[in-house]
Amino acid sequence: MSAADPEPAESSRRGAAAYDDDCELCEAARFTHWYYEDELCWVADCEVCATPMVVWKRHGTEPPPDELAAMLARLVEAGELRFGPGGGRVDQVMRQIPDHFHAHYRDADWMSRRWMEPPSRYTGVGTPRETR
């Protein structure tokens, strides 16, 4: 590697790509409520389970430990805003989209939540949560 070729970022060495045209998490469509966004991640209500979900902005499954910790901290903040302190837990199982890192903050009613209440809607990042 020459001085003209910069060292690849840690996430690139782990096989993460910046974007995948076929990935709906890379698309980051703004349908539901968004709690947070920065250069690393975004946190929004999951369309499937209606609980807060953090999504890494790089396409891949293994964020570096420091990035993972920062993302999970943002997720817990959103989850506690939604369900109250200690109102849920972090679930890092990537069920429906296993090739792009994301995690959910699940409360006790997460499995039935999408059938019990109206979905949230996007009104801007960090705005008060509204339903449809």
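Each chain has its residues counted from 1, following the order in which its sequence is written. Local features in a predicted model are, by the rule used here, given only for residues with pLDDT of at least 70; side-chain atom pairs are given and counted only at 80 or more, and totals for whole chains, interfaces and linings are based on all residues. For side-chain calculations, the full set of non-hydrogen atoms in the structure is used, while hydrogens and water are omitted.

Asks: So what's going on with the packing of aromatic side chains? Residues and values would help.
Replies: Side-chain rings of Phe, Tyr and Trp, where Trp is taken by its six-membered ring, are said to pair if the distance between their centres is within 6.5 Å; with planes under 30 degrees apart they count as stacked, over 60 as edge-to-face, and otherwise as tilted. Counted by the stated rule, this structure contains three aromatic pairs. Residues Trp34 and Tyr122 carry aromatic rings whose centres are separated by 6.2 Å and whose planes lie at 85 degrees to one another, so their mutual orientation is edge-to-face. With Trp34 in strand β1 (residues 34-37) and Tyr122 in the loop between β6 (120-121) and β7 (130-131), this pair connects stretches of sequence that are 88 residues apart. Burial classes: relative accessible area under 20% of the type maximum marks a residue as buried, over 50% as exposed, and values in between as partly exposed (1.4 Å probe, protein chains only). For Trp34, a relative accessible area of 1% corresponds to the buried category. For the ring pair Phe83 and Tyr105, a centre distance of 6.4 Å and an interplane angle of 15 degrees mean the geometry is stacked. In this pair, Phe83 sits in helix α3 (residues 65-83) while Tyr105 sits in strand β5 (residues 102-106), placing the two residues 22 residues apart along the sequence. Residue Tyr105 is classed as buried on the basis of its relative accessible area, which comes to 3%. Within the aromatic cluster, the residues linked to one another by ring pairs are Trp34, Trp42 and Tyr122. The criterion is that NZ of a Lys, or CZ of an Arg, lies within 6 Å of the ring centre and within 35 degrees of the ring normal, and then a charge sits over that ring. Seen from the ring of Tyr36, Arg74 lies directly overhead, with NZ or CZ sitting 5.8 Å from the centre. Each helix is a run of DSSP H or I of at least 4 residues and each strand a run of E of at least 2, with the numbering of both proceeding from the N terminus.

Asks: Pulling in residues and values, what's your account of the state of the cysteines?
Replies: In what follows, a disulfide is any cysteine sulfur pair within 2.5 Å. Applying the stated criterion across every chain yields a total of zero disulfides. Here Cys23 is not cross-linked by a disulfide; its sulfur's nearest cysteine counterpart is in Cys26, at 3.9 Å. For Cys23, a relative accessible area of 6% puts it in the buried group. The closest cysteine sulfur to the non-disulfide-bonded Cys46 is located on Cys49, 3.7 Å from its own sulfur. When its relative accessible area of 9% is taken as the criterion, Cys46 is described as buried.

Asks: Which residues make up the side chain of Arg82, and what values go with them?
Replies: Following the sequence through the fold, Arg82 ends up in helix α3. We classify Arg82 as buried; its relative accessible area is 18%. By the criterion applied in these results, polar contacts are pairs of N or O atoms within 3.5 Å in which, for protein atoms, one can donate a hydrogen and the other can accept it, and in which residues neighboring in sequence qualify only through two side-chain atoms. There is a polar contact of 2.8 Å between the side chain of Arg82 and the backbone oxygen of Ala50. Reaching out from Arg82, the side chain makes a polar contact with the side chain of Glu117 at a distance of 2.6 Å.

Asks: Quick rundown of the confidence of the model for the protein? Include the residues and the values.
Replies: Per-residue confidence for the protein gives a mean pLDDT of 89; residues scoring 70 or more make up 88%. The predictor attaches a confidence to each residue, and that confidence, scored 0 to 100, is pLDDT. By the convention used here, residues are in contact when the closest approach between their heavy atoms is within 4.5 Å. For residues 1-13, every residue scores under 50 in pLDDT, and the model assigns this stretch eleven contacts once sequence neighbours within four places are set aside.

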